[in-house]
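Below, each chain spelled out in residue letters.
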Amino acid sequence: PLVADAEMLGTPDPELAATMGFSGFGKKARTFDLEAMFEQTRRTAVERSRKVLEAREREKEDQAEKEFRIPCTDSSVSASSITRPGSTLTERYLDMVEGNESEDNSNEALSGPSVQSRSSAKGPAEDTDDDDDDDDEEFIGPPLPPGFKDSDDDNDDDTEEEDNNPVKKIPDSHEITLQHGTKTVSALGLDPSGARLITGGYDYDVKFWDFAGMDASLQAFRSLQPCECHQIKSLQYSSTGDVILVVSGNSQAKVLDRDGFPVMECIKGDQYIVDMTNTKGHTAMLNSGCWHPKIKEEFLTCSNDGTVRTWDVNNEKKHKSVFKPRSIQGKRVIPTTCTYSRDGKLIAAGCQDGSIQIWDRNMTVHTKFHCRQAHASGTDTSCLTFSYDGTVLASRGGDDTLKIWDIRQFKKPLNSAGGLPSFFPMTDCCFSPDDKILVTGTSVKKGGGSGKLFFFYRETFQKLYEIEVTDASVVRCLWHPKLNQIMVGTGNGLAKVYYDPVKSQRGAKLCVVKTKRKERQAETLTQDYIITPHALPMFREPRQRSTRKQLEKDRLDPLKSHKPEPPVAGAGRGGRVGTHGVTLSSYIVKNIALDKTDDSNPREAILRHAKEAEENPYWVAPAYAK
């Protein structure tokens, strides 16, 4: 154990450091002389053991006489008071110094807590398993108090509690809210490492969020519209995280790189050909898409043209293969969602007639597994997802249900939950990283309460937990296995991230601790400089030399700095009257302006023309005379 500790203190692996992100600080790692450290530790142990040995020998001599007379009735004699048959303490001490196998046993007996007392703290059930481990351990220092529990034991208890109560595994103690826009967040994607989140919505925008680069203001570092005026249906990073699949409301899926620049766009099929196998691409709106879990160049899309197609990133001119779902009468049926199995060997599609159809990836004609009435006919099955162990398929139906299936016995579901309203064709469901919990969101009408995230126990489908997310529908949900954080997309333009400071890793924890960057005054006050190289000289703006100088100039300009006009001192100028009435005219003008008194009776003022109008009518009376 000492060697292992010393190695742990040694120079860290440069690859590991680079991966963890600690390599860029410019500090050289400390190096340690392991031999010297080991020798020093060994000497300390020997010295301490010798002192304890001497004290114990004196005690033994005193007790030897008593032991002959009084039989030992105490059953819990500590291992430190039991000597090996046929060996003295001195022999054991010499063995320890020589570094034989008995070194561990003697050290344990002389200078640490006893095996029996240590194992009894763990409980009788663990005694037999832990004896061997304890023999190999080396304890240096005073014996531990009787009520002491090791930190490892605490951790064991915690994990046992968590196993018994899966609700404790849900990381929902803290949350952050990312403002995507005002319309529904219909797509969420996290790269495999969990460093970047992408959100897409009904406002056609795709936004990129970098957890490591964000501060507490939680602003996206890039926003773009890759598919112009088409709603974003699905976003997903590939298995290596270097490219992103964008599925929108048009018939052509796009692949972008990590920074949002286009890599490829699928070809549009010929809509005048009847047989969809003979067209090179989709001819109608896309519904869903996803990457192959193992082959990083392959992805899958499904469309309203009634086909599911696989594609290769390196060949945008034509699909790789076509799967055509069929209804019970053999007619064309529209697939609303599609996915790969975890090993990538199966392709599953949920269709509008309520069926779930599964093909072998290499056999495009006949389905391998088929369930005709998985969900109500005429509803959009919004999500299919395989469990991490690959044996169970979960489906989220437009008929307000969530079901799980064993595809080997595909006639009826293993479990089903109802009363989960869904108004969106992309409402999600996902498994927890340990495969024991299934999560889905619910939809609500405007003003009809809060959208919730429901957690179901996979084995019994008992509802474990629910989170009230916001006063709008919960559309997308995603539980990242590495970060152990739950991302949620809502109907009012929010992307929420739920995490737990203890159970979760990185992700949202990185950005909440950073303070907001102070906005520099220079950035807010300066006006944009418009470069017009071919403008006439009279319209051309002078070239800006420096932001600071321009700022100082703008400050002196009374119009740009909105400087209030000072009071007029002395004689009036520029149409403004002087303050003190220096001249007679200004004095009279001031007094005229001030004199607002009117002593006349308002009734007399109104009727002063009445007599004249009656005697000599001019306006009204002649008009009605005839």
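Computed from a prediction, not measured in an experiment: that's the story for all the values here.

Colleague: Could you give an account of the overall build of the chain, naming the residues involved and the relevant values?
Modeller: Assigned secondary structure in the chain consists of 15 helices and 28 strands. For the chain, buried positions account for 39% of its 626 residues. Across the chain, the fraction of contacts at a sequence separation of at least 24, relative to all contacts at a separation of at least 6, is 49%.

Colleague: Describe the nonpolar core, and please don't skip the residues or the numbers.
Modeller: Ranked by internal contacts, the top residues of the largest apolar core, which has 18 residues, are I176, L178, L197 and M487. Filtering out sequence-adjacent residues up to four positions away, L197 remains in contact with L178, L188, G189, L190, K207, F208, W209, F211 and M487. Listed in part, the 15 residues of the second largest apolar core include I170, I437, V469 and C477.

Colleague: Account for the confidence of the model for the chain, naming residues and giving values.
Modeller: Residues of the chain with pLDDT of at least 70 account for 74%, and the chain-wide mean is 77. Mean pLDDT across the elements of the chain bottoms out in helix α6 (residues 115–122) (39) and peaks in strand β7 (residues 243–248) (93). In the predicted structure, residues 100–137 sits below a pLDDT of 50 and forms 58 contacts with residues beyond four places in sequence or in another chain.

Colleague: Which residues make up the sheet that holds strand β18 (residues 383–386), and what values go with them?
Modeller: Here four strands make up an open sheet; going across it, the order is β18-β19-β20-β21 and the pairing antiparallel. Single-partner strands in this sheet number two, and they are β18 and β21 (415–417). Ignoring which end each strand starts from, the neighbouring axes of this sheet average 15° apart. The sheet contact formed by strand β19 (residues 392–396) and strand β20 (residues 402–406) spans five bridges and is antiparallel. Residue pairing in the sheet places V392 in a bridge with D406 of β20.

Colleague: Describe the pattern of salt bridges, and please don't skip the residues or the numbers.
Modeller: Considering all chains together, one arrives at 21 salt bridges under this definition. Its salt-bridge partner being R309, residue D305 comes within 3.7 Å of it at the nearest N-O pair. We note a salt bridge from D406 to R408, for which the minimum N-O separation is 3.1 Å. Through salt bridges with shared partners, a single ionic network connects E39, R42 and R43.

Colleague: Please give an account of the environment of G489 that cites residues and values.
Modeller: On the secondary structure map, G489 appears in strand β27 (residues 485–490). Exposure remark for G489: the relative accessible area of 0% places this residue in the buried category. When residues no more than four places from it in sequence are discounted, the contact partners of G489 are V185, L188, S473, V474, V475, R476 and L494.

Colleague: Please set out the side chain of K169 residue by residue, giving values where relevant.
Modeller: The residue K169 is located in the loop between α8 (151–164) and β1 (174–179) in this model. A residue is classified by how much of its surface remains accessible, and K169, at 17% relative accessible area, is buried.

Colleague: Quick rundown of the UniProt feature "repeat: WD" (unreviewed entry) in the chain? Include the residues and the values.
Modeller: Residues annotated in UniProt with the feature "repeat: WD" (unreviewed entry) correspond here to residues 178–210, 279–321, 328–360 and 374–408. What you have in residues 178–210 is 0% helix and 58% strand, and the ends, taken at the C-alpha atoms, are 11 Å apart.

Colleague: An account of the pairing of β19 is needed here, citing residue identities and associated values.
Modeller: A large share of β19 lies buried, amounting to five of its five residues. Going residue by residue along β19, you find V392, A394 and R396 tucked away on one face and L393 and S395 tucked away on the opposite face as well. Where β18 lies against β19, four bridges are found, and the strand directions are antiparallel. For L384, the partnering residue across the bridge sits in β19 and is S395. Taking the residues that link successive antiparallel strands as the turn, the β18-β19 hairpin has five residues, and the phi of G390 there is positive, at about 80°. Taking the residues that link successive antiparallel strands as the turn, the β19-β20 hairpin has five residues, and the phi of D400 there is positive, at about 65°.

Each value, and the rule that gives it
- Every chain's residues receive numbers from 1 upward, in the order its sequence appears when written.
- Local features are withheld for residues below a pLDDT of 70 in this predicted model, meaning they are given only at 70 or higher, and side-chain atom pairs are given and counted only at 80 or more; totals for whole chains, interfaces and linings count all residues.
- Note that water and hydrogens are dropped before the side-chain values are worked out from all heavy atoms of the structure.
- We count a stretch as a helix when DSSP gives it H or I for four or more residues in a row; a strand needs E for two or more, and each element gets its number in order from the N terminus.
- Partly exposed residues are those whose accessible area sits between 20% and 50% of the maximum for their type, while under 20% is buried and over 50% is exposed, using a 1.4 Å probe and protein chains only.
- Any two residues whose heavy atoms approach within 4.5 Å are treated as being in contact.
- Residue types Ala, Val, Leu, Ile, Met, Phe, Trp, Tyr and Cys, when buried and joined through side-chain atoms within 4.5 Å, form a set referred to as a nonpolar core.
- Per-residue confidence from the predictor is given as pLDDT, running between 0 and 100.
- Any two strands with at least two DSSP bridges between them are considered paired.
- Structural elements are reduced to axes, namely lines fitted to C-alpha atoms, with helices fitted over the stretch in contact, and the angle between N-to-C directions of any two is expressed from 0 to 180 degrees.
- Any carboxyl oxygen of Asp or Glu that lies within 4 Å of a side-chain nitrogen of Lys or Arg is treated as forming a salt bridge with it.
- UniProt positions are given in the numbering used here, feature names are shortened, and annotations may be inferred rather than shown by experiment.

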